[in-house]
Amino acid sequence: MNDKRCLSLMELFDLRAGAEDPEAWRHLGCCPRCQALLAGMPEPRFADLPPRPLRLPPRPLLPRPRRIRTGQLWRAVPLDGTDWAEVVAIVCRPVRWADAYLAVPLAQPPELATDRDLVLGPKPLGYPGFLDLANPGPLVRDQLVEYLGPLPPGQAAGLVSLYRAATGAGDRPAGVQTGLPVLSGQDPRLLEARVRGERLRPLWRVVDRWARARDGVGRVRPAGRDGEEEARPGAACDGERAGSSIRQLGGGRRER
Amino acid sequence: MSLLLSQREFADARRALRSGEVTAELYVWLGRLIAVTQATRALAPSPLPSGRWDDREAVAETLHAWLEESLLRGGLLRAFDRCRTPRALSRYLERALRNWLVARSRRSSGPRLLERAGLLMAAEDGFALVRDANVSGERWWGLAEWRRPALYAGSDETLVASAWALGDFALLRYPSSQRSDPVLSTSDLRRFLRGLLERVGAALSGRHLDTALRGRFAYAYAPTTVGLDEVEELAAPETTAGPVEIEDAARAALGSLSCRQLRVLRERPQDTLERLAGRLGVSRGTVDNEYRRAVMAVLEASPSDEDFAAVLEEVLRVASQGGNGDE
């Protein structure tokens, strides 16, 4: 079930019991893996556990900030109504792209980070991970559905420095927590990054589509909406350089 | 009645988590998710806290261990950050359960890797003991063809990065609880040791090898509770599994494959990379990677190297009975 398109065992049990879920039935009709699992499915005989109260460290809901800034963490969704969301960190808003933001996704586990990725401890989100600099992408404000808080102090600048280093616009920053270097093309962390890139395609699709329509250059939407103050590009982000980076991204996903 | 959470239960659970609570509905549903896995034998029992699926308390014990070791330590927050619907949650957490059990299994057998590495290098002609010592961590190893090799004096970071550079390794077995998990097959362990020595171009001590193994397979190691010098002798080589174990392994492999990987596994031997890539609408490289991943998933589920062919055959047999999907 690596790509999460396949059905869970619970969904297969539901289908076996006659659940009406056209999408699941459609998938079942064309997936040998789910067909094989369903064929070997036993009768569901199990008793639920008695409920038990449990507590964990809270992570309060935060109000949506008025301005979108470098280093903010958000839940972002594709605009085509899929079941999945991604956690992303905002890198910057290129000046020539009025309503688009450049973001990098959060990935796990931290052991898969390379020396280009920014490793995060459990502090901001409640779980560790790393910001996947191999798979940056553009998205629009409407895709940012929930604000999760800022990166810890210093890491926002580290994120921008790493992004600039990855695009050749700056030197590799010192004192930023990254993973280990990649010494060969055989390194499985590169393969994992490509797999994540494939998964992330729907998230970046909106701006990619616009970019292709506009040859990847220039303004794609009027600045500001409903009188709302538009965010300036993050203080640490060089707008022109980021603008040139996003033009590269508009022509297709970069791969390492 | 659906086994999934309802939309309302899902929304309530998400809200409650933010204020630090697990709702009763979510708790019961998590138990149900484990019970479903138990009922379908989609995972081998060896990594379970009790080591058995037919134990009456197995579901409760597994849930509590999962909550304690993973879900309450950020796992649930991450799940609700990623999932927007109850069905997504069922897919995400089913996979998370699998990964957690896999990690448990790997952890339980971590320290054996270095010991096996020492035995393998001592037994095989391709390696040579460069400097002997009473404890395994102080023994230095090189390649047999080297004459007077230098002793490695580089950093641990370079060492671990070199270990990553060696490529992918199939990691997990689902053995019975009586036969403990070797983590890496002998051939993969040999490839790892030889590749690492070639890459650094110098003799490595047992401590270096331990650093490289722990860095590369970090998730295979729990905080050390057993000193390197206290590790027990290895048991006798494993015997070949019986039909029930092969069926269980095939089912576990099937559960961890995606449908695309299963298709690639099934069709790759009869087709060229180009044609298969064209049919699946992906690049040749993707087909190649998917094939490698699929073979590794079967290897990982196999009780031993010797059983791989039988498990693969069983996976393909079950998949062909299920139908001929074409997405």
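Source: prediction; values computed, not measured. (Residues numbered from 1 in each chain as written. Chains lettered and ligands numbered in written order. Predicted model: local features only at pLDDT ≥ 70, side-chain atom pairs only at ≥ 80, totals over all residues.)

S.K.: Got a minute to help me understand the overall build of chain B in this structure?
M.R.: Counting its secondary structure elements, chain B contains 14 helices and four strands. Every one of the 327 residues in chain B was classed for burial, and the buried ones make up 45%. Contacts spanning at least 24 positions in sequence make up 69% of the contacts within chain B whose residues lie at least 6 apart. (Helix = DSSP H or I, 4+ residues; strand = E, 2+ residues; numbered from the N terminus. Buried ≥ 20, exposed ≤ 12 C-beta atoms within 10 Å, placed from the backbone. Contact = placed C-beta atoms within 7 Å.)

S.K.: So what exactly am I meant to see when it comes to the overall build of chain A here?
M.R.: Broken down by element type, chain A carries six helices and eight strands. When the helices and strands of chain A are placed in sequence order, the string is α-α-α-β-β-β-β-β-β-β-β-α-α-α. Counting every position in chain A, which comprises 256 residues, the buried fraction comes to 38%. Counting contacts in chain A only where the partners sit at least 6 residues apart, residues at least 24 apart contribute 68% of the total.

S.K.: Help me understand the confidence of the model for chain A, please; the structure alone is not making it clear to me.
M.R.: Keep in mind that low pLDDT regions are not for reading the predicted coordinates in detail. Chain-level statistics for chain A give a pLDDT mean of 80 and a share of 80% at 70 or above. Across residues 216-256 of chain A, where pLDDT falls below 50, the model places 73 contacts with residues more than four positions away in sequence or in other chains. (pLDDT = per-residue confidence, 0-100.)

S.K.: Help me understand the sheet that holds strand β4 (residues 204-205) of chain B, please; the structure alone is not making it clear to me.
M.R.: Working definition: the strands of a sheet are paired by backbone hydrogen bonds and lie parallel or antiparallel to each other. Residues and elements named next belong to chain B. Ordered in space as β2-β3-β4, the three strands form an open sheet in which the pairing is antiparallel. For this open sheet the edge positions go to β2 (127-131) and β4, each flanked by a neighbour on one side alone. Strand direction decides the pairing type here: strand β3 (residues 140-143) and β4, joined by two bridges, are antiparallel. Bridge pairing in β4 places W140 opposite S205. (Pairing = 2+ DSSP bridges.)

S.K.: Explain the interface of chain A and chain B to me, please; I cannot follow it from the model alone.
M.R.: Listed by partner, the interface residues are 60 residues for chain A and 74 residues for chain B. Split into classes, the residues belonging to the side of chain A that touches chain B amount to 38 nonpolar, seven polar and 15 charged. For strand β1 (residues 54-55) of chain A and strand β1 (residues 21-22) of chain B, the ladder comprises two bridges, and the chain directions are antiparallel. Each bridged residue has a counterpart across the sheet, and for R55 of chain A the counterpart in β1 of chain B is E21 of chain B. (Nonpolar A, V, L, I, M, F, W, Y, C, P; charged D, E, K, R; others polar.)

S.K.: What is the right way to read the nonpolar core from this model?
M.R.: As a rule of thumb, nonpolar side chains are buried together in soluble globular proteins. Core analysis: the biggest nonpolar cluster contains 68 residues, and A253, V298 and V315 of chain B have the highest contact counts within it. If you look at the next biggest cluster of nonpolar residues, it comprises 40 residues, including L73, A100, L131 and V207 of chain A. (Core = buried A, V, L, I, M, F, W, Y, C linked by C-beta atoms within 7 Å.)

S.K.: Just to check I follow, could you spell out the environment of R164 of chain A for this structure?
M.R.: With respect to the element layout, R164 of chain A can be found in helix α4 (residues 155-166). Between the C-alpha atoms of R164 of chain A and L106 of chain A, which are 58 residues apart in sequence, the distance is 18 Å.

S.K.: Explain the confidence of the model for chain B here, please?
M.R.: All names here are of chain B. Mean pLDDT over chain B stands at 82; residues scoring 70 or higher make up 82%. Counted against residues more than four places away or in other chains, residues 173-182, with its pLDDT under 50, gives 28 contacts. Note that residues 222-238 has pLDDT below 50 and, in this model, 17 contacts with residues that lie over four places away or in other chains.

S.K.: Where do I start with the pairing of strand β3 (residues 86-92) of chain A in this structure?
M.R.: For a regular strand, the rule is simple: side chains alternate between the two faces of the sheet. Residue and element names in this part refer to chain A. Within β3, seven of the seven residues are buried, which leaves the element mostly enclosed by the surrounding structure. Bridge count for strand β2 (residues 72-76) against β3 is four bridges, and the pairing is antiparallel. Along β3, the bridge assignment pairs R75 with V87. Two elements, β3 and strand β4 (residues 100-107), share four bridges in a ladder whose sense is antiparallel. Its bridge partner lying in β4, I90 is registered against A103.

S.K.: Is there a simple way to explain the packing of helix α7 (residues 156-164) of chain B against helix α9 (residues 206-216) of chain B in this structure?
M.R.: Axis angle and axis distance: for two packed helices, these are the angle between their axes and the distance between the axes, and together they describe the pair. Residues and elements named next belong to chain B. Where α7 meets α9, the closest approach of the two axes is 8 Å, and the angle between their N-to-C directions is 60°. If you check the angle between α7 and α9, you find them oblique. The way α7 lies across α9 gives a crossing that is right-handed. Residues D156, L159, V160, A163 and W164 of α7 touch α9, and the partners they reach there are H208, T211, A212, G215 and R216. Its residues placed into classes, the contact of α7 with α9 shows five nonpolar, three polar and two charged. (Axes fitted to C-alpha atoms, helices over the stretch in contact; angles between N-to-C directions. Parallel < 35°, antiparallel > 145°, perpendicular 65-115°, else oblique. Left-handed = near helix turned anticlockwise from the far one by under 90°.)

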